[in-house]
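Here is what each chain is made of, one letter per residue.
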Amino acid sequence: MDTVLENGRTFVEVAEIWTPDGDRLALSGGVYGAHARFAEASRTESFAKGEGLPGKAWAEARPVVLKDFDGSYFKRTDAAKEAGLTCAVAIPVFAGKTLKAVLVVLCADDAERTGAIEVWAEAEGILTLADGYYGAAKHFEWVSQHTQFPKGQGLPGSVWSAQTPILMRDLGSGYRFVRSESAGQAGLTTGLGVPLQVPGGATFVLTLLSAKGTPIARRFEIWDARAGRTAKLIDGICDRDGPLWDPENAGREREATVWEGPVGRVLGTGLPVTETGAAARGYAMMVALPIHRGGELSHIVAWYC
Amino acid sequence: MERLVVIGAGMASGRLLEHLLEADPTAYRVTLFNAEPRGNYNRIMLSPVLSGEKSFAEIVTHDDDWYAAHGVTCRFGERVTGIDRDRKVVIGERGEVPYDRLVFGTGSDPFIIPCPGHDLDGVIAYRDLDDTNRMIDTRPGSRAVVIGGGLLGLEAAAGLRMRGLEVTVLHLAGHLMERQLDPAAGYLLRADLERRGIAVMTQASTRCIRGEGRVEAVELEDGTVLPADLVVMAVGIRPSVALARQSGLVVNKAIAVDAQMRTSDADIFAVGECVEFAGQLFGLVAPLYDQAKVLAATLIGQKAAFAPKQLSTKLKVTGCDLFSAGDFGDGPGREDIVFRDPARGIYKRLVVEDDTLIGAVLYGDTADGNWFFGLIRNGTDISDMRDTLVFGPAYQGGTTADPLAAVAALPADAEICGCNGVCKGRIVEAIEDGATDLGTVRAQTKASASCGTCTGLVEQVLAATLGDAFQMPTAQKVCDCTDLSHEDVRRLIKSRSLKSQTAVWQELGWRTPNGCHVCRPAVNFYLLADWPLDYRDDPQSRFVNERKHANIQKDGTFSVVPRMWGGITTADELRAIADAADKYDVPTVKVTGGQRIDLLGVKGEDLPAIWADLNAAGLVSGHAYSKGLRTVKTCVGTDHCRFGTQDSTGLGIRLEKRLWGSWTPHKVKLAVSGCPRNCAEATCKDVGIVCVDSGFEIGVGGAAGMDVKEVQPLVKVATEDEAVEWTVAFIQLYREHARYLDRPYKWLAKVGLDWVQQTLGDAPERKALVDRFDLSQTIYQTDPWAELAVREKACAFAPIANLTLEAAE
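Residues numbered from 1 in each chain as written. Chains lettered and ligands numbered in written order. Predicted model: local features only at pLDDT ≥ 70, side-chain atom pairs only at ≥ 80, totals over all residues.

Quick word on the overall build of chain B
Each helix and strand counted, chain B has 27 helices and 38 strands in total. A principal-axis box enclosing the C-alpha atoms of chain B has dimensions of 115 × 75 × 65 Å. In chain B, which comprises 809 residues, the proportion classed as buried is 48%. Counted over contacts in chain B with a minimum sequence separation of 6, partners at least 24 positions apart contribute 63%. (Helix = DSSP H or I, 4+ residues; strand = E, 2+ residues; numbered from the N terminus. Buried ≥ 20, exposed ≤ 12 C-beta atoms within 10 Å, placed from the backbone. Contact = placed C-beta atoms within 7 Å.)

Concerning the sheet that holds strand E12 (residues 203–211) of chain A
Residue and element names in this part refer to chain A. The strand order E9-E8-E7-E12-E11-E10 describes an open sheet built from six strands, whose pairing is antiparallel. Every interior strand has two partners, whereas the edge strands, strand E9 (149–150) and strand E10 (166–168), have only one. Of the strand pairs in this sheet, strand E7 (residues 114–123) and strand E8 (residues 126–135) are connected by eight bridges, and their pairing is antiparallel. Note that in E8 the partner of Ala121 across the bridge is Thr128. Lying over the sheet, helix H5 (residues 154–162) contacts E7, E8, E9, E10, strand E11 (188–197) and E12, oriented at roughly 35° with respect to E11. (Pairing = 2+ DSSP bridges. Axes fitted to C-alpha atoms, helices over the stretch in contact; angles between N-to-C directions.)

As for the interface of chain B and chain A
Counting from both sides, the interface comprises 27 residues of chain B and, opposite them, 28 residues of chain A. Its residues assigned to classes, the side of chain B that touches chain A comprises nine nonpolar, eight polar and 10 charged. (Nonpolar A, V, L, I, M, F, W, Y, C, P; charged D, E, K, R; others polar.)

Regarding the confidence of the model for chain B
Residue and element names in this part refer to chain B. For chain B, per-residue confidence averages 89 on the pLDDT scale, and residues scoring 70 or more make up 95% of the total. pLDDT under 50 marks residues 802–809. Its contacts with residues more than four places away, or in other chains, come to zero contacts. At the level of chain-chain contacts, confidence expressed as ipTM amounts to 0.79, with global pTM at 0.72. (pLDDT = per-residue confidence, 0-100.)

Considering the packing of helix H12 (residues 424–432) of chain B against helix H14 (residues 455–466) of chain B
Helices that pack against each other are described as a pair by the angle of their axes relative to one another and the distance between those axes. Residues and elements named next belong to chain B. Direction vectors running N to C along H12 and H14 enclose 55°, while the axes themselves pass 10 Å from each other. When the interaxial angle is binned, H12 and H14 end up oblique. Handedness of the H12/H14 crossing: right-handed. Taken together, the residues of H14 that come into contact with H12 (itself represented by Lys424, Ile427, Val428 and Ile431) are Val458, Val461, Leu462, Thr465 and Leu466. Split into classes, the residues belonging to the contact of H12 with H14 amount to seven nonpolar, one polar and one charged. (Parallel < 35°, antiparallel > 145°, perpendicular 65-115°, else oblique. Left-handed = near helix turned anticlockwise from the far one by under 90°.)

Here we look at the domain arrangement of chain B
For chain B, the assigned domains are domain 1 (2–108 + 239–299), domain 2 (112–235), domain 3 (321–391), domain 4 (405–536), domain 5 (545–625) and domain 6 (629–780). Each of domain 3 of chain B and domain 5 of chain B has a C-alpha centre, and these two points are 48 Å apart. (Domains from an automatic or database assignment.)

Some details on the sheet that holds strand E6 (residues 98–108) of chain A
Residues and elements named next belong to chain A. Strand order in the open sheet formed by six strands is E3-E2-E1-E6-E5-E4, with antiparallel pairing between adjacent strands. Each edge of the open sheet is held by one strand with a lone partner, namely strand E3 (46–48) and strand E4 (64–66). When strand polarity is set aside, the average angle formed by the axes of neighbouring strands in this sheet is 25°. For strand E1 (residues 12–21) and E6, the ladder comprises six bridges, and the chain directions are antiparallel. Paired with Ala15 across the strands is Val105, a residue of E6. Packing against the sheet, helix H1 (residues 36–43) makes contact with E1, strand E2 (24–31) and strand E5 (85–95), and its axis sits at approximately 155° to E2.

Thoughts on helix H15 (residues 486–495) of chain B
With nine of its 10 residues buried, H15(B) lies for the most part within the structure. Among the residues trailing H15(B), B:Ser497 stands out with phi positive, at a value near 50°.

Brief notes about unusual backbone geometry
A positive phi angle, near 70°, is found at A:Trp259, a position not held by glycine. Secondary-structure assignment places A:Trp259 in the loop between strand E16 (255–257) and helix H7 (261–269). Unusually for a residue other than glycine, B:Ser497 sits at a positive phi of about 50°. Tracing the chain through its elements places B:Ser497 in the loop between H15 and helix H16 (501–507). Since 12 C-beta atoms lie within 10 Å of it, B:Ser497 is described here as exposed.

In structure tokens:
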């Protein structure tokens, strides 16, 4: 199968996975696209707890957004700048108290591309924006910084209360997504909210808001992985295939089996997976992120671009 | 080509057209009427559209292109005003259409409660896209009240909450979705919704909707007023049959059809929610699709027959995983298999009858729902897999549930030892620092070093933290429904704020759906003692004497004992008692050891009447049957006796008036003697006060039953007020700490008199105990006779059938 590059411009340029190896994090997989030099620089790298971006996400047990590499703790600044990468988000994946991996996504050209990767954190019963990367969606960034979500409200609040990943459609088109007006202006169309469990009981919700022109993903999938050896596709939307769920098919949802395909690999290992090309249904990049609840794998979210 | 007219573009008729046009695209020229200005869409997916998780475009099942491609003439936005069966024409608002065959797919209308204000602007149903859009267009931050806690109401509530509204759900029954869920699953669902910020009120009956022109508030029967900008009524649906009735078709509750979906007119058919088949109505989508298939076959001359099947239910609220199927009511010969995982909020209940699965309720983990549903539908013999059935198809000899789960799930700041304020985290720290047995933990943390009721819990924390390295002593469990001891249950009810029986069953991992005759009375008492304002006493969890408010005798009759405060009565009261004994043919009148008069041999059905008569004379129940205050026995004291040192009768009356009506772990008997000669036998009572010249000696923990115990001296006080305060505080401490059915002497043997004296010796603590007792009395100090003597409740005492009078021919 040929790799499909629908218009070539996506919001995320690089996705990589760092897994614990002894007391350090080592690269265990990644999709680097055209950025071979950055890939090269990453392959020789490793991070101790607290070191660099992945090490910081590990040590602080929370997702970390880094919007300026210069003078920061980011260790691969030169290679990143050479590749035109300007921002990175590190998402730690914990199963109970155990760090399974750190997923790092890197973005570029923040003046031209629209999208949002947000981290919402709970304090005193309310979710507020801990940090976020918005590319060119400056007004939406401002609105988000001034929006709060109680439990059950909006995409972040709903993910928090349901402890389940949620996919929202038509963010800006007349539906009253809490931030719809500004989302509409920014061209944001689809939102994926993911609950992140970290040790210590702090609440974090990661949201990926995708725009048509420079999508974070052209295909989103949410899998229910609680059965253990199989996962069921419970929601999804795809630019090519349309809705991926079929309400009349309840009980006979699409299934992924352990160790078969990238979703099956997540099911088997509990680790995130990145793929490209044929293994990614022909997309240039796919990321599958496990969601652990109470120390056990409960859901898998996957996005393809 | 014959002409087929279909009225209504709902889910059933949409599916019918699909089957029909696929099977024989040339059989009919189809005209489709729909009052909504749009074609077929998947109505059951409106909830995700409301929440924003789906877009409307995604739930359209047939778009304009599909109708065009299949040659369907669409008359959308046009109401059908009549049908002329003689001329075989359908009369629409924009003209007539002749038919050879006609199909009713008119669906149903939402039921609107006809309360005052139901027609105000802002009161809507939840039925179609227009209703959905109305909800979507309501400003975030507005207040919405959803009337109806069924599937549809809860989906509306969750969607509105995601849209940023403040949502309250009102539900008439005692728990949510009572038709699909048992109380345990209803409890979990409610907790889930409340976690989302949705307020839930059960047993809430709407009196009226208030507002000038548009809705402003909802008023409940109990007088509660809930401000509202939007009211969504989701209390049910009614088949839409006006047109069918007007056309002269046979209509019962809905349009009557045969198994081929044919109405009383051979050329007219009906499918979907507007249909009644064999007395049954249909609201879920699965049978509607079956009907569509059958009708499509019928219309092209094939043989098919509709047969209703078992149904299963799922709620479309992301993160609320519930599933129910089959029959899960109680019944003789039915057995329950229950699995609970409190830490993960999971509840599974399977109902088994004659080795087949007949019902399933799953909450929190519904992955195996369809597998269970298959077993129910197929009537599979499950005897071989009964032991592992509840674990589902993937079960491969795994482990059984961990009895420590409830304790392991406690957060670090959960209080384990209330006396010394030690939380779980502190105990775990001590264990991590090397304390591996109870004694060391006690020495280092003081946990379980005072009253000792938390000992079992501390041991479980040890076991949960150390695993195999700790050997659990075998604590006596409440019953086979749980491995927890009474003390554990009491402690967990407090530390985890469990305020209902369903909460206890679920959060503490009960193995039965609703407990058993052993644990229910105990849990009922613990809940009412700890949460007097939140928990409502459950008479069904009481022994027969407490349910009947009278002691049952060996011949099935009852005894009636009116209260006589401190053993004092009057000539009028005695006359009333004598009259009652005459009127109700009471065979035995006996003076009891506690200085009361017992009317023995009263027939069950006479109880409400005799109570009413005694009530009329100012007498109230003596609670001679209850786990509560029985009697305060007194001697005559200073009023009459030469030796009396204090007003023992007055103190006795005062204590009885303060304490009566309170529930306690076991019966409580008091006595006040006016001097050390002890004519009232105070030294063998649960609380016995002996008056002396310098004040009052209070003794506790006496008994004169199978065990004979002399009271232990609790304290000596100078004034009557202090005597009352100490007595009340002691009773409350006993209520809060003792295990059910332990008399005070047994409880004292466990916790030690020292601890009791120390606790009650602390004046602020003593006062707090008295305050808590008085608070509880605001709820429970009521005369059950007065409540039950009223006509409606009295009927519960009537005999069901008197078979002894039947002729023996």
